[in-house]
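Single-letter residue listing:
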Number of protein chains: 2
Amino acid sequence: MANYPQSPFAPETFPVLPALAGFTMATAEAGVRYKGRTDLWVLRADAGTALAGVYTKNLCPGAPVDWSRKALAVETNGPRLVIVNSGTANVFGGQKSRDAVQDTAKGAAAVFGVEAETIQLASTGVIGVPLEASKLVDCFPDILADLDADGWESAARAIMTTDTHPKGATAIANIDGVEVRINGIAKGSGMIAPDMATMLAYIATDAAIAPPVLQAILSELVETSFNAITVDSDTSTSDTTLLLASGKAGNPVYDSPNAPELENFKTVLEGVLKDLALQIVKDGEGLTKFITVSVSGAVSKASAKKIGLSIANSPLVKTAIAGEDANWGRIVMAVGKAGEPAERDKLSIWMGPHLLAESGEVASDYTEDSGAAYMKNAEIHIRVDLGLGVGEAEVYTCDLTHGYIDINADYRS
Amino acid sequence: MANYPQSPFAPETFPVLPALAGFTMATAEAGVRYKGRTDLWVLRADAGTALAGVYTKNLCPGAPVDWSRKALAVETNGPRLVIVNSGTANVFGGQKSRDAVQDTAKGAAAVFGVEAETIQLASTGVIGVPLEASKLVDCFPDILADLDADGWESAARAIMTTDTHPKGATAIANIDGVEVRINGIAKGSGMIAPDMATMLAYIATDAAIAPPVLQAILSELVETSFNAITVDSDTSTSDTTLLLASGKAGNPVYDSPNAPELENFKTVLEGVLKDLALQIVKDGEGLTKFITVSVSGAVSKASAKKIGLSIANSPLVKTAIAGEDANWGRIVMAVGKAGEPAERDKLSIWMGPHLLAESGEVASDYTEDSGAAYMKNAEIHIRVDLGLGVGEAEVYTCDLTHGYIDINADYRS
């Protein structure tokens, strides 16, 4: 695998993710596929940790996703493990893949003293190559010895595939006067599309949240974060987002996701999820520009999102932006092909502050020069108003460049 | 507009399309956008010609499509005109676009002596630039003088945009012992996706076919031809396919598209449509490989087609093929993301004669070497069997290469 240039949007440093009560972790070089780098991360959550998860909607999911979906439903009074490897996705390896999943879980259960069927597993990397479980299992004794409350940045590095930088975010929220911390890491760069992506994201908090409430909150907030990003419209077989809450902060527990005391927590959590999601798009394979697509005036929120994704996934729109061409004609095309209610003559289109088109034609005071100048920006904001209703949505994507072709015509992923 | 290398699949010569009783035509250099080449074609069909049409499903269609849809429904006892220009699509030009359409039709009506509201108009090229009707109208007197039964190749050239070669096909069919001829031309290279594309196709025959029967036949046969091709999943605002039947061959007329006497005509016509459709894909922007995707074992024909298009539109599948990588993992991904019934462990995947994967894992006697050797071919055949039902479909596409980025990051289309 070649070395690709780092994303122009890569943050200068990885944020400082402090230790979080109730969680320990370690990484190792299991040698699944990559040499000279870590490719295995184990996260241990103390007994009493609540777990929520959202998995890929791809109908040919990997064996680890099948396993983890079941594990999510298994209640336990003991600690929980999350085990993630990079290098192979362990997808479509038939019985070998299923055996590898079971062997990994059993091996971990023996070493870490947890129930095998409660363990969350994820694998990311090439499809079609079964995981050799022994490579992971052989590392578990050392990992057990290494478990530490610190290590979020190392974790973010161990789960990378074509990512050009590790991705993390952290924030503090307040639940009824009690301060709680949220840490998150993510990986993903290609095969990124709703619903989800080859995207793994792990978010941990010391807040105390009842499991069904935690699940409801996660399911709601992925819609405006991980499910609002697309690099190439392709949906991975391995996508996983987990949210773990250890409860060590000792805040009061509520039995509804709509409890007013949880408002701040949800807002801050949404910020963390969105931060991670945008880091993924901004590390999109080969990108030179980050694109926000805002759609308003649609007949519904769902219709607005579908139109936004039609624009964000259009190769012609994405290549035009790569070429710094304010080609709103292709945006009209993408609106029209979405199959959602739209009327050409009510459509307005902006690029950043510039109104390009309205009432079915080019805006009277728009000049190609002003559009061309705006397109030089690294961050492009496409705004479309349909003039039909109050439905709104925002989605995020990147341009389509030679770099994407370079990466995907020679990386076996 | 730069000069791009000719498609490796370009035919050596344009086929000889003989004159067809009932049709005359001419081309001109109207100077809409291009210099030093023809960009206007007028086809005149004698009184009594039956007309069928299929237009883009894009919900923001061009003014010419709006006009022509209406014109299709207008019956006439007089001759009909088809007027096509390249250089601008006359889409999203607001009132100016609508005026241009009307002015073109009225100008042509006066010169050619036909009813304006029966004229079929099409424009292809950049979106957002209104057509200057006077440029076309000024050419009409010369075109009237030049009308000739020959000129199909010139016509195919005049309607090109990013096409690297003109596209034509011809064939002879037999209706109840009477020989009839079918000629067709087409253009299209990018923004090619079902339903249709920036794709124009004009098919003419001297057969006698009742208008409703002609429409039924065309609507049926576009499904396996023009609606089974995709270059980049983007659907143009201007797509148009017309089928004109002059009736001069004097064959018997039937009142059902299912008349057994029409079987041969339909088969031959399907061949012409498919020939033209594949010429369009094989001239896909920047392509190096032509890809056929055959899906079988789906729960229905529609499901098979949706899965086929999911594979054919996947940027990761298309870049893998550009890189000559038999990456069946990405095909699994594309099957799964289609949202249609699929079971990972019943899936089989072939590349040409090579069985790559079956029962949810790599085929036991498949070797990467045999796959790699096959991928060197210019024509790649992906075959997927879902093992669920009897639904089958075949779709056609091309790979995604640096050439596509080159063309679309700097061509204002």
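Every value quoted in this text rests on a predicted model; they were computed, and no experiment measured them.

A few words on the interface of chain B and chain A. The parts lose accessible area when they come together, and the size of an interface is often stated as this lost area. Each partner contributes residues to the interface: chain B has 62 residues there, and chain A has 62 residues. Here chain B is connected to chain A by six salt bridges. On the surface where chain B and chain A come into contact, there are eleven residue pairs in polar contact (both at pLDDT 80 or more). Residue assignment for the side of chain B that touches chain A shows that the elements contributing at least two residues are α1 (63-73), α2 (94-112), α9 (315-322), α10 (328-337), β13 (361-362) and α12 (402-410) of chain B. Per-element tally for the side of chain B that touches chain A: the top contributor is α10(B), with eight residues.

With that settled, the discussion passes to the environment of B:A228. All names here are of chain B. Tracing the sequence through the fold places A228 in the loop between α6 (211-221) and β9 (240-245). Exposure remark for A228: the relative accessible area of 1% places this residue in the buried category. Each C-alpha atom, one on A228 and one on G308, is 9.2 Å from the other, the two residues being 80 residues apart in sequence. Beyond its immediate stretch of four places on either side in the chain, A228 contacts V222, E223, K305, E394, V395 and Y396.

What follows is about the sheet that holds strand β4 (residues 80-88) of chain A. One key point about sheets: their strands pair by backbone hydrogen bonds, in either a parallel or an antiparallel sense. All names here are of chain A. The strand order β1-β2-β4-β5 describes an open sheet built from four strands, whose pairing is mixed. A single partner strand is all that each edge strand has here, and the edge strands are β1 (23-28) and β5 (120-126). In this sheet, neighbouring strand axes are inclined to one another by 10 degrees on average, regardless of whether the strands run parallel or antiparallel. Together, β4 and β5 form the strand contacts of helix α1 (residues 63-73), whose direction differs from that of β5 by roughly 160 degrees. Across the sheet, helix α2 (residues 94-112) touches β2 (40-45), β4 and β5, and the angle it forms with β4 is around 135 degrees.

All told, the structure shown has 34 salt bridges over all chains when counted by the stated rule. The salt bridge involving A:E340 is made with A:K306; its shortest N-O contact spans 3.3 Å. Of this pair, A:E340 sits in the loop between α10 (328-337) and β11 (348-351) while A:K306 sits in helix α8 (residues 301-312), placing them 34 residues apart in sequence. The exposure class assigned to A:K306 is partly exposed, which follows from its relative accessible area of 43%. Each member of the salt-bridge network shares a partner with another, and the members are A:D66, A:R98, B:R344 and B:D345.

So, about the sheet that holds strand β12 (residues 354-358) of chain B. Residue and element names in this part refer to chain B. Ordered by their spatial adjacency, six strands build an open sheet running β13-β12-β11-β14-β10-β15, and the pairing between neighbours is mixed. Looking at which strands have only one partner, the edges of the open sheet turn out to be β13 and β15 (391-398). Across three bridges, the pairing between strand β11 (residues 348-351) and β12 is antiparallel. Counted as the bridge partner of M351 is H354 from β12.

Glancing now at the domain arrangement of chain A. Residues and elements named next belong to chain A. Partitioning chain A into structural domains gives domain 1 (23-281) and domain 2 (290-410). Here the C-alpha centre of domain 2 lies 33 Å away from the C-alpha centre of domain 1. Contacts between domain 1 and domain 2 engage 14 residues on the former and 13 residues on the latter. Summing the contributions of domain 1 and of domain 2, the shared interface buries around 1,100 Å²; its carbon and sulfur component is 61%. Counting the contacts that link domain 1 with domain 2 gives one salt bridge.

What follows deals with the UniProt feature "binding site: substrate" (unreviewed entry) in chain A. Following the UniProt record, the feature "binding site: substrate" (unreviewed entry) maps to A:T161, A:K187, A:T198, A:E285, A:N408 and A:S413 here. Within the secondary structure, A:T161 sits in the loop between α5 (152-158) and β6 (167-175).

Ranked by internal contacts, the top residues of the largest apolar core, which has 180 residues, are A:I382 and B:I382. For B:I382, the residues in contact, after removing those within four places along its chain, are B:I291, B:T292, B:V293, B:S294, B:I311, B:V317, B:I321, B:I331, B:W350 and B:M351. Among the nonpolar cores identified, the runner-up in size contains 28 residues, and B:A26, B:L40, B:W67 and B:L121 belong to it.

In this section: the packing of helix α6 (residues 211-221) of chain A against helix α7 (residues 263-281) of chain A. When two helices pack together, their arrangement is given by the angle between their axes and by how far apart the axes lie. Residues and elements named next belong to chain A. Contact geometry of α6 with α7 gives a least axis separation of 10 Å together with a crossing angle of 50 degrees. Relative to α7, the element α6 lies oblique. Seen from above, α6 lies across α7 with right-handed handedness. On α7, the residues that touch I217, L218, E220 and L221 of α6 are F265, K266, L269, E270 and L273.

Despite not being glycine, A:F92 shows a phi value in the positive range, around 60 degrees. The class of A:F92 is buried, set by a relative accessible area of 1%. Positive phi is not limited to glycine here, since B:E324 has a value of about 55 degrees. For B:E324, the location among the structural elements is in the loop between α9 and α10.

What counts as what
Along every chain, residues carry numbers that run from 1 in the direction the sequence is written. The lettering of chains begins at A and the numbering of ligands begins at 1, in the order of writing. Totals for whole chains, interfaces and linings use all residues, but because this is a predicted model, local features are given only for residues with pLDDT of at least 70 and pairs of side-chain atoms are given and counted only at 80 or more. Water and hydrogen atoms play no part in the side-chain values, which are based on all heavy atoms of the structure. We call two residues in contact when some of their heavy atoms are within 4.5 Å. We define a salt bridge as a side-chain nitrogen of Lys or Arg found within 4 Å of a carboxyl oxygen belonging to Asp or Glu. Polar contacts here mean pairs of N or O atoms no more than 3.5 Å apart (in protein, one a potential hydrogen donor and the other a potential acceptor; neighbouring residues in sequence count only if both atoms are side-chain atoms). Under the DSSP-based scheme used, a helix requires at least four consecutive residues in state H or I and a strand at least two consecutive residues in state E, with every element numbered from the N terminus. Each residue is placed in one exposure class: buried if its accessible area under a 1.4 Å probe, protein chains only, is under 20% of its type's maximum, exposed if it is over 50%, and partly exposed if it falls in between. Two strands pair under a simple rule: DSSP has to find at least two bridges between them. Orientation is described by lines fitted to C-alpha atoms, with helices fitted over the stretch in contact, and by angles between N-to-C directions that extend from 0 to 180 degrees. By convention here, the domain bounds are inherited from an automatic or database domain assignment. Accessible area that two parts lose when put together, evaluated with a 1.4 Å probe and summed over both, is termed the buried area. UniProt positions are given in the numbering used here, feature names are shortened, and annotations may be inferred rather than shown by experiment. For this analysis, a nonpolar core means a set of buried residues of the types Ala, Val, Leu, Ile, Met, Phe, Trp, Tyr and Cys, connected via side-chain atoms within 4.5 Å. Reported orientations rely on four angle classes, namely roughly parallel under 35 degrees, roughly antiparallel over 145, roughly perpendicular from 65 to 115, and oblique for the rest. By definition, turning the near helix anticlockwise from the far helix through less than a right angle yields a left-handed crossing, and turning it clockwise yields a right-handed one.

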